[in-house]
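Inside the fold
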Amino acid sequence: MTLRPALFVSSVAGFALLASTAAADPRAVVRGEMDADLRAQLQRAIGEVDGPPANRFEARRRARGALEAAEALLRSEGYYQPVLEDVVEGEATPVAIIAVTPGPRFVLTEPIINFAEPSPAPTLQEAVRDDLDLEAGEPGRAVDVIAAEGRIVAGLTRRGHADAEAEPRRVVVDHATLTMQPTYNIVAGALVRLDGVRLETSGRTNPNWVAGLAPWSEGEVYDPEDVAELERRLLDTGVYDGIGVALAPQDQSNAEGNRPVIVTLTDRPRRILEAGATFSTAEGSGVDVLWTWHNRFGRADTLVWQARLADVDSRLGADLRLPHWRRPGQTLRLSTALLNEDTDAYRRTALAAAADLQQRIGKTSWFSYGVGLDAGKYDENRFDPVTQLPINFERDLIILTGRGSAYLDYSNDPLDPTTGWRLTVSAQPTAVAGEDTTLFVRTEAQATAYLPVEDNARTVLAGRVRLGSLLGGDELLVPSDRLFYSGGGGSVRGYEYQGVAPRLPDNTPRGGLSLFEASAEVRRNIFGSFQGVAFVDAGSVGFDQAPDFSNMRYGAGFGVRYKLPFGPIRADVAFPLEKREGDADFQIYVSIGQAF
């Protein structure tokens, strides 16, 4: 029996030639009996060139280069006894040819793993062998042997041996038995146990707050997923320009032999002033000024001061966001604002305050619960269901609202989804006091879905359904801002804001006790960063708890999206398909992000 070591690294080096495919002509023609997959691999390894060879000398040079690439590919695929020949045919128009007889394909024998001292525990050695995923009798492919070594080291690291590494492997090819046997030489290192968190950057962040985010206790075995989770929790805050989380070197172990995790943070600017503008023919225009304070209290908090002057909704307020409040993934949000709403259905001036706790579930989904308190003056044009006549009244109200909601996001992008789905549900038990009193529960749900119908999501079908119901309230007593309305850029396009609902004799929109909306879009990439969209929207507002489909309104239109790194800019033109008196011929909407 004759044994000799395989030149493994040089075998794999042939794959570098895969990147050299530049033109339509093959470097050399492949001849010989072999299966179609192997032939295709050889052709990719040989590569392509710009045009045929100019003479026989050039053809010979190409054939020899192709032969070397083919030999490297065959060895990497387990063919260690190929017969290869470079040939040139033709005088005036020479052709480079390689004749290939692959020979038998060598197979693996049982791999060997040698652990250097100190070796890991026997049970851990067994677990790592299971990770190897190499079976005797499988083809002796170089890429599989190399990948298996990576799985050994990753398995050890995942189980607490953070310093595990591989020493040079040895692969023996037996030409008599047509087999190859890899031997892995692994240094596992000592089992690593964790200390706390050490913050190594000077800034406003409280080190004790960062330490409280660690998903491990002192003395627990190192798990790279725990370290990655700490990094994710810091990233969730959104207040750092740079975050580094890494296990300390071995020489920084404490007296017990435990090692800390080192965190480095690069703060964002502490104060950012922003201004923005919105425009819609349906909802009018508006200007926003935001003054954001980051990390004011040393716990990755965000405080936003907002001033908005708009046709429909003007406000002056503040919003404080405290991430990881009392437990990881839970955010406390406190807000207060002085509001002035001026819509076709009502006018409201109020002071509003709210407190909510939001708990993250998964990477992009969450549920939240909280309470809101509003106190203000309402000027409302309403419909009296008893007299069947319009009525106008002013009243001062205090509204206490319980707030519960959940958001499940299984789409692939927050601003430009092309696949997956989303679901939002909410329930708001509400008590009204003041000049009128009533109790009711406002419920709402919306589902959206995205389906790519071409490769690379060149064309995407998108759909949306929204349902709402107000339980237990009397239409006339429920405050106007808690009723359901439809129409505008976020609901049924083609109609002005609140323009889908039935109207009073003076053309005031009548708010309802139930809501139904549906939308369908076809989004198609046109060229470059531009995308074209065609859509149909539908909606109705009802006056019972169950949605009313007898007064449906429909809108349709088209739009364009210009895709930027942070998301698309949207411009839509929509037309009402059942135009009533008072409806405009069309509506224009401009905003950031897809319509849904």
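Treat the numbers as computed from the prediction; the structure is a model and nothing was measured.

Each value, and the rule that gives it
Residues numbered from 1 in each chain as written. Predicted model: local features only at pLDDT ≥ 70, side-chain atom pairs only at ≥ 80, totals over all residues. Heavy atoms only, no water. Patch = residues over 30% accessible without salt bridge, like charges linked within 9 Å, V, L, I, M, F, W, Y side chains within 5 Å. Areas by Shrake-Rupley, 256 points an atom, 1.4 Å probe, with all protein chains shown as cover. Salt bridge = Lys/Arg side-chain N within 4 Å of Asp/Glu carboxyl O. Helix = DSSP H or I, 4+ residues; strand = E, 2+ residues; numbered from the N terminus. Buried < 20%, exposed > 50% of the residue type's maximum accessible area, 1.4 Å probe, protein only. 1 Å grid on protein atoms, 1.4 Å probe; cavity = no way out; pocket = protein on both sides within 12 Å on 5 of 7 lines; lining within 4 Å. Points joined across faces, edges and corners; volume = space filled by probe spheres on them. Nonpolar A, V, L, I, M, F, W, Y, C, P; charged D, E, K, R; others polar. Pairing = 2+ DSSP bridges. Axes fitted to C-alpha atoms, helices over the stretch in contact; angles between N-to-C directions. Contact = heavy atoms within 4.5 Å. Expected span 1.5 Å × (residues − 1). Polar contact = N/O pair within 3.5 Å; in protein donor to acceptor, adjacent residues only side chain to side chain. Lys, Arg positive; Asp, Glu negative; His and termini not counted. Charge placed at Lys NZ, Arg CZ, Asp CG, Glu CD. pLDDT = per-residue confidence, 0-100.

Focus on a nonpolar patch on the surface
A cluster of nonpolar side chains, namely Phe279, Leu415, Ile526, Phe527, Phe530, Val560, Tyr562, Phe566, Ile569, Val590 and Ile592, defines an oily patch on the protein surface of about 990 Å² accessible area. Every element with two or more residues in the nonpolar patch is listed here: strand 25 (514-527), strand 27 (553-564) and strand 29 (587-592). By secondary structure assignment, the location of Tyr562 is in strand 27. With relative accessibility at 35%, the residue Tyr562 sits in the partly exposed group.

Description of the layout of surface pockets
As a volume, the second largest pocket reaches approximately 260 Å³. Lining the second largest pocket, in full, are Glu274, Ala275, Gly276, Ala277, Thr278, Asp288, Val289 and Leu290. Within the residue set of the lining of the second largest pocket, elements represented by two or more residues are strand 14 (271-280) and strand 15 (284-294). Looking at the lining of the second largest pocket, the element that brings in the most residues is strand 14, giving five residues. Of the residues contributing to the lining of the second largest pocket, the split by class is four nonpolar, two polar and two charged.

Some thoughts on the sheet that holds strand 13 (residues 259-267)
Here we have three strands laid out as an open sheet, ordered 11-13-12, and mixed in their pairing. Each edge of the open sheet carries a strand with a single partner, namely strand 11 (194-199) and strand 12 (240-247). Neighbouring strand axes in the sheet, compared pairwise and without regard to direction, differ in orientation by 15° on average. Two elements, strand 11 and strand 13, share four bridges in a ladder whose sense is parallel. If you follow Leu199 over to strand 13, its bridge partner there is Val263.

Describing the environment of Pro102
Here Pro102 shows up in the loop between strand 6 (95-101) and strand 7 (107-108). Look at Pro102 and you get buried, because its relative accessible area is 8%. Spatially, the C-alpha atoms of Pro102 and Glu71 are 9.2 Å apart, while their sequence positions differ by 31 residues. Setting aside chain neighbours within four positions, we find Pro102 in contact with Glu33, Met34, Leu38, Leu74, Tyr79, Gln81 and Pro82.

Observations concerning helix 3 (residues 56-76)
Between the first and last C-alpha of helix 3 there are 30 Å, a value that for 21 residues agrees with the 30 Å anticipated at 1.5 Å per step. Inspection of helix 3 places Glu58, Ala59, Arg62, Ala63, Ala66, Leu67, Ala69, Ala70, Ala72, Leu73, Leu74 and Ser76 among the buried residues, and these make up the whole buried set. Where helix 3 starts, the residue carrying a side-chain oxygen 3.2 Å from the main-chain nitrogen of Phe57 turns out to be Asn55. The positive-phi residue at the C-terminal boundary of helix 3 is Gly78, with phi of around 95°.

Concerning a negative patch on the surface
Taken together, the side chains of Glu110, Asp133, Glu135 and Glu138 make up a negatively charged region of the molecular surface. Note that Glu138 resides in the loop between helix 4 (122-132) and helix 5 (142-158).

Looking at the confidence of the model for the protein
Per-residue pLDDT for the protein has a mean of 89; in total, 95% of the residues score no lower than 70. Across residues 1-23, confidence stays below pLDDT 50; counting only partners more than four residues off in sequence or on other chains, it has 49 contacts.

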